[in-house]
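One-letter residues, chain by chain:
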Amino acid sequence: MTPRQSGGRRLVPAYLATGGRAQPSRNTLDRLTVLHGVDMPITSEVRPEEHRILELLQPGALTLAEVAAHLHLPVSVVKVLVADLVDAGRLHARVPIPEAEQFDRQILERVLDGLRSLKS
């Protein structure tokens, strides 16, 4: 059981995961930024926290906030770690699709139904 699961404090302060840095190298990261892993072997130069992020993303994409939740780290700390991984080419980060630009599923289903009726 980890200290976090037992309700205790973490043994190492979260800011040490970033080497004491508080600002990411890029300001384009948001808590809803979608993260995708890159098919690249994980080497010994990757820090343990970064290694865990890359492992979390192996099955598929997650948002930055989801990664932070899995790691039990503040979003601000994960932003710094993710920025380092993006800079190193080990991770792709994509801004979320704004809600106004997302497709309305009902409209698409009606269009599909109309196309199917034309085919018959």
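Residues numbered from 1 in each chain as written. Predicted model: local features only at pLDDT ≥ 70, side-chain atom pairs only at ≥ 80, totals over all residues. Heavy atoms only, no water.

As named in an unreviewed UniProt entry, the chain is DUF742 domain-containing protein, taken from Streptomyces albospinus.

**Q** Describe the sheet that holds strand β1 (residues 34–37), listing the residues and the values that go with them.
**A** Strand order in this open sheet of three strands is β2-β1-β3, and the pairing throughout is antiparallel. Each of the sheet's edge strands pairs with one partner strand only, and the pair in question is β2 (62–63) and β3 (91–94). (Pairing = 2+ DSSP bridges. Helix = DSSP H or I, 4+ residues; strand = E, 2+ residues; numbered from the N terminus.)

**Q** Account for the packing of helix α2 (residues 64–71) against helix α3 (residues 75–87), with residues named and values stated.
**A** Packing of α2 against α3 leaves a shortest axis separation of 9 Å and a crossing angle of 110°. Judged by the inter-axis angle, α2 sits roughly perpendicular to α3. Note on element contacts: α3 touches α2 through Val 75, Val 78, Lys 79 and Val 82, opposite Leu 64, Ala 65, Val 67, Ala 68 and Leu 71. A breakdown of the residues in the contact of α2 with α3 according to their chemical character gives eight nonpolar, no polar and one charged. (Axes fitted to C-alpha atoms, helices over the stretch in contact; angles between N-to-C directions. Parallel < 35°, antiparallel > 145°, perpendicular 65-115°, else oblique. Contact = heavy atoms within 4.5 Å. Nonpolar A, V, L, I, M, F, W, Y, C, P; charged D, E, K, R; others polar.)

**Q** Outline α3, listing residues and values.
**A** The end-to-end C-alpha distance of α3 is 18 Å, a good match for the 18 Å that 13 residues give at a rise of 1.5 Å each. Listed in full, the buried residues belonging to α3 are Val 77, Val 78, Val 80, Leu 81, Val 82, Ala 83, Asp 84, Leu 85 and Val 86. Those residues of α3 that are buried are in contact with β1, α1 (48–56), α2 and β3. (Expected span 1.5 Å × (residues − 1). Buried < 20%, exposed > 50% of the residue type's maximum accessible area, 1.4 Å probe, protein only.)

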